[in-house]
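Structure assessment
One letter stands for each residue in the lines below.
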Amino acid sequence: MSVADTLAEDMIAGGDPSWLLRETGYELLRESTFETRFALSNGFLGVRGGLASHLGACRAVPPRIYVAGLFDTPTPDSVVPELVPAPDWTQVRILLPDGPLMRCPDRSSRALTLDMRRGALFMEARQTCNAPLDVCLRSLRLVSLHARAIGMQVIELRIESGVSDLTFEAAFGPTDFELAPERAELDLKAWRTWRSGRSLAIAAAASLEVDGIERQPVMRGDLTWNWSWTAQPGQIVTFRRIIAVTRHHATDVHAGARARKELAAARTLGWRGILARHEAAWAERWRCSDIRVTGDDAAQAALRFAIYHLNGAANPEDPHVSVAARALTGDDYRGHVFWDTEIFLVPFYALTWPEAARTLLMYRFRTLDAARAKAAQMGCRGALYAWESADSGSEVTPAQTVGPDRKILDVLCGSQEQHISADVAYAVWQYWQATEDEAFLQEAGAEIILETARFWTWRAALEADGRRHIRTVIGPDEYHEGVDDNAFTNGMARWTIARGLDVAALVQARWPETWARLARSLDLGEPELAHWREAAEAIATGFDPATGLFEQFAGFSALETVDLNAYAGRSVPMDVVLGRERTQRAQVIKQADVVALLALLPEAFPGASGGTNFDHYEPRCGHGSSLSRAMHGLAAARLGRAEAALSYFRRSAAIDLADTHVAIGGGIHVAALGGVWMIAILGFAGLSLRADGLAFDPCLPADWQSLDFRIRWRGRDLAVAIDGTTRVLRVALDRGAPMTVFAGGAAFVIAMDRPLTVEGVGG
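Here is what the cut-offs are and how they apply
- Residues numbered from 1 in each chain as written.
- Predicted model: local features only at pLDDT ≥ 70, side-chain atom pairs only at ≥ 80, totals over all residues.
- Heavy atoms only, no water.
- Helix = DSSP H or I, 4+ residues; strand = E, 2+ residues; numbered from the N terminus.
- Rg over C-alpha atoms; globule rule 2.2 N^0.38 Å.
- Buried < 20%, exposed > 50% of the residue type's maximum accessible area, 1.4 Å probe, protein only.
- Contact = heavy atoms within 4.5 Å.
- Areas by Shrake-Rupley, 256 points an atom, 1.4 Å probe, with all protein chains shown as cover.
- Lys, Arg positive; Asp, Glu negative; His and termini not counted.
- Charge placed at Lys NZ, Arg CZ, Asp CG, Glu CD.
- Core = buried A, V, L, I, M, F, W, Y, C linked by side-chain atoms within 4.5 Å.
- Pairing = 2+ DSSP bridges.
- Salt bridge = Lys/Arg side-chain N within 4 Å of Asp/Glu carboxyl O.
- Polar contact = N/O pair within 3.5 Å; in protein donor to acceptor, adjacent residues only side chain to side chain.
- 1 Å grid on protein atoms, 1.4 Å probe; cavity = no way out; pocket = protein on both sides within 12 Å on 5 of 7 lines; lining within 4 Å.
- Points joined across faces, edges and corners; volume = space filled by probe spheres on them.
- Nonpolar A, V, L, I, M, F, W, Y, C, P; charged D, E, K, R; others polar.
- Axes fitted to C-alpha atoms, helices over the stretch in contact; angles between N-to-C directions.
- Parallel < 35°, antiparallel > 145°, perpendicular 65-115°, else oblique.
- Left-handed = near helix turned anticlockwise from the far one by under 90°.
- Expected span 1.5 Å × (residues − 1).
- Bend = angle between axes of the 7 residues up to and from the residue.

Time to look at the overall build of the protein. Regarding its fold elements, the protein presents 20 helices and 35 strands. Its C-alpha radius of gyration of 27 Å places the protein within 12% of the 27 Å reference for a compact globule of 763 residues. Seen through its C-alpha atoms, the protein measures out along the principal axes to roughly 90 × 65 × 60 Å. Split into buried and exposed, the 763 residues of the protein put 60% on the buried side. Nonlocal contacts in the protein, meaning residues at least 24 apart in sequence, comprise 68% of its contacts between residues at least 6 apart. For the protein, the computed accessible surface area is about 28,000 Å², with 52% contributed by carbon and sulfur atoms. Counting 78 positive and 94 negative side-chain charges, the protein places the averaged centre of each group 2 Å from the other.

Core analysis: the biggest nonpolar cluster contains 213 residues, and Tyr349, Phe649, Trp677, Phe684, Phe696, Trp704 and Phe709 have the highest contact counts within it. Not counting chain neighbours up to four residues away, the residues in contact with Trp677 comprise Ile291, Leu303, Ile307, Leu310, Pro347, Phe348, Leu351, Thr352 and Leu682. Formed by 19 residues, the second largest nonpolar core is a distinct cluster that contains Ile150, Ile242, Ala244 and Ala266.

Take the pairing of strand S10 (residues 120-127) next. Burial of S10 is extensive: seven of the eight residues sit out of reach of the surface. Counted along the chain from strand S9 (residues 111-115) to the antiparallel partner S10, the turn is four residues long, and its residue Gly119 has a positive phi close to 60 degrees. One ladder, built from seven bridges, connects S10 with strand S11 (residues 134-143); its direction is antiparallel. When the sheet's bridge partners are listed, Ala125 is paired in S11 with Leu137.

Before going further, it helps to examine the pattern of salt bridges. One pass over the full model with this rule turns up 48 salt bridges. In this structure, the salt-bridge partner of Asp391 is Arg198, at a minimum N-O distance of 3.0 Å. Linking Asp391 in the loop between helix H7 (368-377) and strand S22 (400-402) with Arg198 in strand S16 (residues 198-210), this pair joins segments that are 193 residues apart in sequence. For the pair shown, Asp391 and Arg198 are each scored as buried. In this structure, Asp290 and Arg304 form a salt bridge, with 2.8 Å as the shortest nitrogen-oxygen distance.

Taken across its 11 residues, helix H18 (residues 628-638) has nine buried, putting it largely inside the fold. Burial in H18 covers these residues: Ser628, Ala630, Met631, His632, Gly633, Leu634, Ala635, Ala636 and Ala637. Looking at the packing, one finds that the buried side of H18 touches helix H5 (340-352), helix H16 (594-600), helix H17 (609-617), helix H19 (642-657) and helix H20 (670-684). Phi turns positive, to about 85 degrees, at Gly640, one or two residues after H18.

Okay, the environment of Arg712 next. Within the secondary structure layout, Arg712 lies in strand S30 (residues 706-713). As a C-alpha pair, Arg712 and Glu438 span 274 residues in sequence and 16 Å in three-dimensional space. Ignoring sequence-local partners within four residues, the contact set of Arg712 consists of Ala350, Leu351, Thr352, Pro354, Glu355, Ala434, Asp717 and Arg735. A distance of 3.4 Å separates a polar atom in the side chain of Arg712 from a polar atom in the side chain of Glu355.

What follows concerns empty space enclosed by the protein. By the definition in use, this model includes seven cavities of 30 Å³ or more. Taken as a whole, the largest cavity encloses approximately 140 Å³ of empty space. Every residue lining the largest cavity is counted, 19 residues in all, and those nearest its centre are Ala68, Gly69, Ser322, Ala324 and Gly335. Partitioning the lining of the largest cavity into residue classes produces 12 nonpolar, six polar and one charged.

A few words on the layout of surface pockets. By volume, the second largest pocket amounts to about 650 Å³. Forming the boundary of the second largest pocket are 29 residues, of which Pro602, Glu603, Arg638, Ser688 and Leu689 lie nearest the centre. Those elements that provide at least two residues to the lining of the second largest pocket are helix H9 (420-435), helix H11 (487-510), H16, H18, H20 and strand S28 (688-690). Among the elements that line the lining of the second largest pocket, the one with the most residues is H9, at four residues. Its residues placed into classes, the lining of the second largest pocket shows 17 nonpolar, eight polar and four charged.

Bringing the packing of helix H4 (residues 297-313) against H20 into the picture now. Packed helices, taken two at a time, are described by their axes: the angle between them and the distance between them. Between H4 and H20, the least distance of the axes is 9 Å, while the angle of their chain directions is 125 degrees. The angle between H4 and H20 places the two elements in the oblique class. Considering the relative orientation of H4 and H20, their crossing is left-handed. Counting all contacts with H4, which are made through Leu303, Phe305, Ala306, Ile307, His309, Leu310 and Ala313, the residues of H20 involved are Val670, Leu673, Gly674, Val676, Trp677 and Ala680. A breakdown of the residues in the contact of H4 with H20 according to their chemical character gives 11 nonpolar, two polar and no charged.

With that settled, the discussion passes to helix H10 (residues 438-459). Between its first and last C-alpha atoms H10 spans 29 Å; for 22 residues at 1.5 Å apiece the expected length is 32 Å, and the two agree. Along H10, the sharpest change in direction is near 50 degrees and occurs at Gly445. Burial runs high along H10: 18 of the 22 residues are buried.

This next bit is on the environment of Ala645. Relative to the elements of secondary structure, Ala645 occurs in helix H19. Each C-alpha atom of the pair Ala645 and Arg285 lies 27 Å from the other, and the pair is 360 residues apart in sequence. With residues near it in sequence (within four places) discarded, Ala645 still touches Gly633, Ala636, Ala637, Ile679 and Phe684.

Moving on, we come to the sheet that holds strand S34 (residues 746-750). Read from one edge to the other, the open sheet built from four strands follows the order S28-S29-S33-S34, with strand pairing classed as mixed. Of all strands in the sheet, those bounded by a partner on one side alone are S28 and S34. Averaged over all neighbouring strand pairs, the angle between strand axes comes to 30 degrees, with direction disregarded. Of the strand pairs in this sheet, S28 and strand S29 (residues 693-696) are connected by three bridges, and their pairing is antiparallel. Looking at the pairing, Arg690 lines up with Gly693 of S29.

Next up on the list: the side chain of Gln235. Relative to the elements of secondary structure, Gln235 occurs in the loop between strand S19 (224-231) and strand S20 (236-249). Among the residues examined, Gln235 registers a relative accessible area of 8% and is labelled buried. Separated by 3.3 Å, the side chains of Gln235 and Trp229 make a polar contact. Separated by 3.1 Å, the side chain of Gln235 and the backbone nitrogen of Gln232 make a polar contact. If we skip the residues at most four places from it in the chain, Gln235 touches Leu157, Arg158, Ile159, Val210, Asp211, Trp229 and Thr230.

Written as structure tokens, this is what we have:
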């Protein structure tokens, strides 16, 4: 059975639609959208996937292949590194004597199917116009989740009718002059970046069979193959290509050998073996992370789409890279890493794939010296992480950008959006709570939290009123720059300092030798810790007990009030509608700010003030960021407002699934997808992490008859089922020691032979 038939059996013949993403037809102007949505990734290799089959069809954008960590500055005078597109290893041409075979395909026959269960992209098309051959084409692409260096491509041609000479060419696409050729051999090519000292090696093997008999190429060059023969009716032509990619420093003379070694191992397996191991790796990921919803097919499809891209974005084997704002699916944000990773992605990984979460946090540890240097530049001790980070961890936020009115604008996020250091600490603590990974805490996590706590103690200056103030910052609401005492920033800073004290006490008590090493290397002692305690208590919060409101920043309440409902039909962000200057003078919020603090630190909101703040700030938010609706959804769900949360869930999912966001051509909004998962698990399921166990406080939407999922917690595997109809929570421990679960206001101890059933929850 051919590869195409193997896949078609499941995908085309009655496959579960919640596992499949399918588009039929071809629209040139929407091609970049399809390429984003159908992208393949394994955390090391990324391949955009559109309806154009790379067989001579018109393309709106050049093909994009990505390799994690392959950064370079685009010009000699540039200071902002960008992720460099790699050579297109999917390129082929099928030629008739008078031109490309597929130059006139039946557009309605073009179909693209992403099998999210197996991480495979399947394409089909027919040649139907007045050509010598009537041909049905099918193709398969994947990047292996088992061996991340490996990519595989299979193309099958069925000659339905006609006789003609046919030429099949396979090559590697151009690199847009962004990579300099370094080495070229029949089975291997290597390139280097022009300025950053990175090199890329690709080894490849290709074969072509006609009716099961392999044909030798008539021409062979550097990673190029050319076959020619006379096509006959009934022939089945199968092309297979396997590639192995390695990224390395330019001084590594063994890189080509490593690529060849990876390729040799893959060829030994053969295409069936590669496919089988790839499928097994995806099956394991889905076993750990799948979510099943009954009663809401759209929500089920959205969750599968989100989890597919989340599982494909991370590489637990490489602490030198993190997950960028568009992962490995597009060019937007130049492949840079933001707070998105720690706040919106680490929760998913910590509770379903802790090895991946650990690696992402080790990236932050590896870049800790760069964070220390940035803090020192502004006269502070401790660590201030880069707002935008690439490979080294240095600040790479562009100094300027072009605004909607085509004017040059200064970008202040790199210097003023400092909450990133609290966000990283938050992720480290979440990972520790979820895993109790003692080796990580001693090796890396404690130092990150201590150094970020130290930074906030220095950054929050004591003033004449006896309070500590954090002035001239940008909070998550980036419409307002240079503000004082941003509620999110100050709240997260207080929290970080408190966790720094907790970590110091924990390490001193459990691992005194580790504490001695850290105290010595960081020059940290009890007098400074006492200073931290005072600082955490003195930081201004902006909370008004009389109203129950946190003022978003000092002076926010005095700004102009704008009724956003009057602009409900707009198609552009509010700062474009109102203009930059008026927006800065108005109570118009780009994205969740105080609401984000509520979502992350609900314990910081006393009494009923959580709902009070949500009601106050929700109508003032213009959702000018793809991150905003997810935070609102999580906060709403935790407040027990399931239907409002479901609306935000749907709108977050729609960013990439419903063409509602103009920037989808630049890559998947992976943080928004992480937010979709957060709304479902941390919101609707009501899961929260405690020092002594897991707590559940479910609140399912009315249409959700049930919600089933799995999580990992401190070396244990748990299966959770919430019945929205009968309001029953079931938690089963599939692996690991007994543990405590909190639900319905009570504590329960569960074991592998003693699952938990609690009635009266989930409403």
